[in-house]
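An overview of the molecular structure
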Amino acid sequence: MNPIAATVLKRFKESFASEPALYFSPGRINLIGEHVDYNDGFVMPAAINKGVYYAIAENQSNDIHFYAMDFDEWLSIAITDVKKISGWKNYVLSVINEFLLLGCKINGFDCVFAGDIPRGSGMSSSAAVEGGLAFALNEMLHTGLNRVGLALLCQRAEHNYPNVNCGIMDQFANMMGKQEQVLLLDCRSMQHQYFPLHMKGYKIVLLNSNVQHTLISGEYNTRRQRCEEGLSILKSQLKNIQSFRDITKIADLQVYKSNMPEKVYNCCLYVIEEIARAKKAAELLQQDNLIAFGKLMYATHEGLSKLYEVSCAELDFLVELASRNRNVIGARLMGGGFGGCTINLVAVDAIDQFIEETSKAYQQHFDIIPAAYIVETGDGTKEIDVTL
Ligand code: GLA
């Protein structure tokens, strides 16, 4: 058994008298399609083998007890008192609240959880926390929601108490991921397909800048508002468009440049370009053209940094170094931005050297030690056999 799973199980048994069920809920990477999930775009995420482990059992009372091992914090609350509090508590309580809003009768339960995704790293620890609990409650309460239904419930939960107006990408990857597969998700229709990752001599390496982005929910929501403002201006002028993807020529956007604030225009420009890039990238990946795919990743970073303004000096530095390394064919910031990880496509033979050189230069420049992970994809949220 995974060591974190074993620790969670042990801690549960030390704290409570019952036999729990055990769940694993993964984080995610995203190859391309950033900040377009809430703009009806296309994204290419995959679930990874890092995430959150949950041990959980009903307790025949009306009280819920959580122990968050990573914070060494308890939360005990009556079901009738579920409300917005703060920090990690908002994520679990908001999931419970969504089940209550569906009219489910929730009995008291005990729960211990812990994970190995660094917070604020852009690998979506929040979707992993939400997804593990939602999956467990769905089983416990026999709610019968399917995986897409659970992903949507978790997205609503993140909007509600934590007040992050996220798109669907993270929760979808968390529920629907499959080992060795990348998802191509159309965030407008929710249609999706899987295709295998043929990495042909390359691996995906994440470099964590160790600059945390946990306090940026305000900035995230602002980007979303800028896009909404831009789209409503465009819709008022161009009667036949529903969303950004219906604008296929940048010239059609440029006409309305003077109708909107500069930052709003820049966000619209980025989104239209990124939707086109993600579509193109999916074709390239299916043709096993990793080199061309990697170039699009660099273009995405440029857009995220200059137009969408969600990068920071540390991430720009890491991507710049990668772009000068001939063993790296693509790199960009991953996830919401303002810190967290870059995602890099690195030649297998050169991974150690890349990590060493980049880490050294980064440390010299910022006095921060970065962390590196070689990504392994994995399955979506699932129950784990406690006897193994
Ligand atoms: C966060 C959000 C996602 C998505 C990404 C940016 O991870 O939760 O919905 O918008 O940022 O692509």
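Here we summarise the structure given alongside this text. (Residues numbered from 1 in each chain as written. Predicted model: local features only at pLDDT ≥ 70, side-chain atom pairs only at ≥ 80, totals over all residues. Heavy atoms only, no water.)

Examining the packing of helix α8 (residues 262-286) against helix α9 (residues 290-307)
Close contact between α8 and α9 brings their axes to 10 Å; oriented N to C, the two are set at 165 degrees. As summarised for this structure, α8 and α9 are arranged roughly antiparallel, according to the angle between their axes. As for the relative orientation of α8 and α9, their crossing is left-handed in sense. Touching Asn266, Cys267, Leu269, Tyr270, Glu273, Glu274, Arg277, Lys280, Ala281, Leu284 and Leu285 of α8 are Leu290, Ala292, Phe293, Leu296, Ala299, Thr300, Gly303, Leu304 and Leu307, all from α9. (Axes fitted to C-alpha atoms, helices over the stretch in contact; angles between N-to-C directions. Helix = DSSP H or I, 4+ residues; strand = E, 2+ residues; numbered from the N terminus. Parallel < 35°, antiparallel > 145°, perpendicular 65-115°, else oblique. Left-handed = near helix turned anticlockwise from the far one by under 90°. Contact = heavy atoms within 4.5 Å.)

Here we look at the pairing of strand β6 (residues 109-115)
Among the seven residues of β6, six are classified as buried, and the element is accordingly described as predominantly covered. Pairing analysis gives seven bridges linking strand β3 (residues 45-58) to β6, with the strands arranged antiparallel. By the bridge assignment, Tyr54 is partnered in β6 with Phe113. Judged from the five bridges that link them, strand β4 (residues 63-68) and β6 form a sheet pairing that is parallel. When the sheet's bridge partners are listed, Phe66 is paired in β6 with Cys111. (Buried < 20%, exposed > 50% of the residue type's maximum accessible area, 1.4 Å probe, protein only. Pairing = 2+ DSSP bridges.)

Digging into the site of the ligand
Close contacts around the ligand come from Arg28, Glu34, His35, Asp37, Tyr38, Cys166, Gly167, Met169, Asp170, Tyr220, Gly335 and Gly336, and that covers them all. One nitrogen or oxygen atom from the side chain of Arg28 is found 3.0 Å from an oxygen atom belonging to the ligand. Taking Gly336, its main chain carries an N or O atom lying 3.4 Å from an oxygen atom of the ligand. Contact with the protein chains hides 93% of the accessible area of the ligand, taken as 310 Å² for the molecule alone. (Near = heavy atom within 4 Å. Polar contact = N/O pair within 3.5 Å; in protein donor to acceptor, adjacent residues only side chain to side chain. Areas by Shrake-Rupley, 256 points an atom, 1.4 Å probe, with all protein chains shown as cover.)

Brief notes about the side chain of Asp37
As for its position among the elements, Asp37 is in the loop between β1 (21-30) and β2 (42-43). Here Asp37 occupies a buried position and makes no salt bridge, while the nearest side chain of opposite charge, Arg224, is found at 6.8 Å. Here Ile168 takes part through its backbone nitrogen, which lies 3.3 Å from a polar atom of the side chain of Asp37. Beyond its immediate chain neighbours, meaning those up to four positions away, Asp37 contacts Val43, Gly167, Ile168, Met169, Cys187 and Tyr220. (Lys, Arg positive; Asp, Glu negative; His and termini not counted. Salt bridge = Lys/Arg side-chain N within 4 Å of Asp/Glu carboxyl O.)

Looking at the packing of helix α2 (residues 87-101) against helix α3 (residues 125-140)
At a closest axis distance of 9 Å, the pairing of α2 and α3 adopts a crossing angle of 40 degrees. As summarised for this structure, α2 and α3 are arranged oblique, according to the angle between their axes. The way α2 lies across α3 gives a crossing that is right-handed. Side by side, α2 and α3 meet where Tyr91, Val92, Val95, Ile96 and Phe99 of the first sit next to Ser126, Val129, Glu130, Leu133, Ala134, Leu137 and Asn138 of the second. Classifying every residue of the contact of α2 with α3 by side-chain character gives nine nonpolar, two polar and one charged. (Nonpolar A, V, L, I, M, F, W, Y, C, P; charged D, E, K, R; others polar.)

Some words on the sheet that holds strand β9 (residues 202-208)
Pairing within the open sheet is antiparallel, and its four strands lie in the order β10-β11-β9-β12. Where the open sheet ends on each side, the last strands, each with one partner, are β10 (328-333) and β12 (371-374). Sheet twist, expressed as the mean angle between neighbouring strand axes with direction ignored, is 20 degrees. Sheet topology note: the β9/strand β11 (residues 341-347) ladder contains seven bridges and is antiparallel. Paired with Leu206 across the bridge in β11 is Ile343. The sheet contacts of α9 involve β9, β10 and β11, and relative to β10 the element is tilted by about 30 degrees.

As for the nonpolar core
With 112 residues, the main nonpolar core has Met44, Phe66 and Phe109 as its most contacted residues. Broken down by element, the residue count for this core peaks at 14 residues, all from α8. Beyond its immediate chain neighbours, meaning those up to four positions away, Phe66 contacts Glu73, Trp74, Leu75, Trp88, Val92, Ile96, Phe109, Cys111, Phe113 and Leu133. By size, the runner-up hydrophobic cluster in this structure holds 16 residues, among which are Val205, Val211, Val319 and Ala331. (Core = buried A, V, L, I, M, F, W, Y, C linked by side-chain atoms within 4.5 Å.)

Brief notes about the pairing of β4
Here β4 pairs with strand β5 (residues 73-78) via six bridges, running antiparallel. If you follow Ile64 over to β5, its bridge partner there is Ile77. Hairpin remark: β4 followed by β5, antiparallel, with four residues in the connecting loop; positive phi at Asp72, about 50 degrees.

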